[in-house]
Amino acid sequence: MRRILLILFGIVFLLAVAAGWLLFGSGTGFSGKRATLYIASDAPTRGAVLDSLRKNKIVSSPRFFEWMAGQLGYWDHIRAGKYEFANGTSLYRMVRTLRNGTQTPVKLTINKVRTRGDIAKMCGSKFEIDSAEMMRFLNDPDSMRAFKVTPEQALTILLPDTYTYYWTSGPREILRKFADVSAGYWTKERIAKARAHGLSPEEAYTVASIVEEETNAQAEKGNVASVYLNRVAKGMPLQADPTIKFALNDFTLKRIYEKHLFVASPYNTYRSRGLPPGPICTPSRKTLDAVLDAPQTTYLYFVASPAFDGTHVFSTTYEEHLQKAKAYQEALNRQEAIKNGKSS
């Protein structure tokens, strides 16, 4: 009898160890470091979850997962989202994570983008929504009115940064975080600086977007901004080449020729006076600050420096500008001649 009891005890013990291993040991079935389970908002069903687990080999035993999920009440509380699991995660922990809806955060890093389409495309690749849905939201005046901007000004609530969301975040939620970060930037002091230049925050952002595209030299961004501010004050057209690229939706252009200046667009600042209806890119905070801190100058023109160091030289009169433009062209011709001489 004692021997039978020992055998039974051994069997129970082994079964307990096996069950414990199935519950708390590695329950993953993939070979990589991590695997991701996506549960769509419109199909958070038992069948959809199990099908995805099997197809992606996320769990080693789909049947045991299904049973355990039932025991823990998961099938009555399926939550949509993105769930990432490290190799070696136990089935118990996986079910608990899914039942609690503990989604894996999604990071959206914005550096410099130029159009609403760029943002829509980025969001379509990061979130459950597709790019078309995001684009419809950005183009809808009623939707954008909630953020106190027009569709053309949509990018003005977006500062380059890294934003954290969940995969199921919708357009309104995504833009709300953009707007909250933007509101933190626009302190009373900065708003006052913009007004001193005769600009609203949105207009200051638009000027900064043009400056961002004009030069990479931080030290001269204030002077570049002063040129555009002076032109606006005098009722002159901005004649900013980057706005032509935006109007043509061709950012590969290296030079702007006369044929490009006839494009019919409110962003063509050779034909339309004043600022364009919205920004042409997302400027950095440093560029925005350079615009807000732009010095009072009499500059109305600038041209690339003949030193070819990425900076510009500035002029007050058109005659002076022509002389400096001539100097740059002569330096460019000399450089071309040297280049051609070496290659011949």
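Residues numbered from 1 in each chain as written. Predicted model: local features only at pLDDT ≥ 70, side-chain atom pairs only at ≥ 80, totals over all residues. Heavy atoms only, no water.

The protein chain is annotated in an unreviewed UniProt entry as Endolytic murein transglycosylase from Flaviaesturariibacter aridisoli. Quoted verbatim from the Sequence similarities (unreviewed entry) heading of the UniProt record, the comment on the protein chain is "Belongs to the transglycosylase MltG family." According to the UniProt record, the Catalytic activity (unreviewed entry) comment for the protein chain is "a peptidoglycan chain = a peptidoglycan chain with N-acetyl-1,6-anhydromuramyl-[peptide] at the reducing end + a peptidoglycan chain with N-acetylglucosamine at the non-reducing end." (UniProt positions renumbered as here; feature names shortened; annotations may be inferred.)

Here we come to the packing of aromatic side chains. Inspection of the entire model under this criterion finds 15 aromatic pairs. A ring pair is formed by Tyr-301 and Tyr-318, whose centres lie 5.6 Å apart and whose planes are at 55 degrees; its orientation type is tilted. Highlighted residues: Tyr-301 in strand E5 (residues 301-304) and Tyr-318 in helix H14 (residues 318-343), separated in sequence by 17 residues. Centroid distance Phe-302 to Phe-314: 5.8 Å. Interplanar angle 45 degrees. Geometry classified as tilted. With Phe-302 in strand E5 and Phe-314 in strand E6 (residues 312-315), this pair connects stretches of sequence that are 12 residues apart. The class of Phe-302 is buried, set by a relative accessible area of 14%. (Phe/Tyr/Trp six-rings, centres within 6.5 Å; stacked < 30°, edge-to-face > 60°. Helix = DSSP H or I, 4+ residues; strand = E, 2+ residues; numbered from the N terminus. Buried < 20%, exposed > 50% of the residue type's maximum accessible area, 1.4 Å probe, protein only.)

This part is about the environment of Thr-102. Its location among the elements puts Thr-102 in the loop between helix H4 (91-100) and strand E3 (106-110). Looking at Thr-102, the relative accessible area reads 45%, which means it is partly exposed. Through-space distance from the C-alpha of Thr-102 to that of Tyr-166 is 9.9 Å; in sequence the pair is 64 residues apart. Excluding residues within four positions of it along the chain, Thr-102 makes contact with Tyr-83 and Thr-97. (Contact = heavy atoms within 4.5 Å.)

The next thing to look at is the packing of helix H10 (residues 201-214) against helix H13 (residues 285-292). For the pair H10 and H13, interaxial distance at closest approach is 9 Å and the crossing angle is 115 degrees. With respect to H13, the element H10 is oriented roughly perpendicular. Relative to H13, H10 is oriented so that their crossing is right-handed. Side by side, H10 and H13 meet where Ala-204, Tyr-205, Val-207, Ala-208, Val-211 and Glu-212 of the first sit next to Thr-287, Leu-288, Val-291 and Leu-292 of the second. Split by residue class, the contact of H10 with H13 holds eight nonpolar, one polar and one charged. (Axes fitted to C-alpha atoms, helices over the stretch in contact; angles between N-to-C directions. Parallel < 35°, antiparallel > 145°, perpendicular 65-115°, else oblique. Left-handed = near helix turned anticlockwise from the far one by under 90°. Nonpolar A, V, L, I, M, F, W, Y, C, P; charged D, E, K, R; others polar.)

Across the protein chain, the average pLDDT comes to 91, with 92% of residues at or above 70. Here residues 9-18 is a poorly scored stretch, pLDDT under 50, and it has zero contacts once near neighbours within four places are set aside; other chains count. (pLDDT = per-residue confidence, 0-100.)

Before going further, it helps to examine the layout of surface pockets. By volume, the largest pocket amounts to about 1600 Å³. Those elements that place two or more of their residues in the lining of the largest pocket are H10, helix H11 (221-233), helix H12 (241-248), E5 and H14. Top element by residues in the lining of the largest pocket is H14. It accounts for seven residues. Broken down by class, the residue content of the lining of the largest pocket amounts to 19 nonpolar, 10 polar and 12 charged. Each of two domains, domain 3 (188-295) and domain 4 (300-343), supplies a minimum of three residues to the lining of the largest pocket. Within this model, the second largest pocket holds a volume of roughly 290 Å³. Around the second largest pocket, the lining comprises 14 residues; the ones closest to its centre are Phe-147, Ile-157, Ala-179, Ser-182 and Ala-183. Of all the secondary structure elements, the ones that give two or more residues to the lining of the second largest pocket are helix H8 (171-185) and H10. Looking at the lining of the second largest pocket, its residues break down into eight nonpolar, two polar and four charged. (1 Å grid on protein atoms, 1.4 Å probe; cavity = no way out; pocket = protein on both sides within 12 Å on 5 of 7 lines; lining within 4 Å. Points joined across faces, edges and corners; volume = space filled by probe spheres on them. Domains from an automatic or database assignment.)

It is worth spelling out the nonpolar core at this point. Ile-119, Met-134, Ile-174, Leu-175 and Phe-178 are the most contacted members of the largest nonpolar core, which has 55 residues in total. In terms of residues, this core owes the most to one element, H10, which gives six residues. Per-domain counts for this core show at least three residues from each of domain 2 (106-185) and domain 3 (188-295). Sequence-distant contacts of Ile-119, that is, excluding residues within four places in its chain, are made with Ile-110, Val-113, Met-134, Leu-138, Leu-155 and Leu-158. In terms of nonpolar packing, the next biggest core, distinct from the first, is built from 22 residues, Phe-30, Val-49, Ile-58 and Ile-78 among them. (Core = buried A, V, L, I, M, F, W, Y, C linked by side-chain atoms within 4.5 Å.)

Before going further, it helps to spend a moment on unusual backbone geometry. Phi at Gln-239 is positive, roughly 50 degrees, even though this residue is not glycine. Along the chain, the position of Gln-239 falls in the loop between H11 and H12. For Gln-239, a relative accessible area of 36% translates into the label partly exposed. Even without glycine at this site, Asn-249 takes up a positive phi of about 55 degrees. With respect to the element layout, Asn-249 can be found in the loop between H12 and H13.

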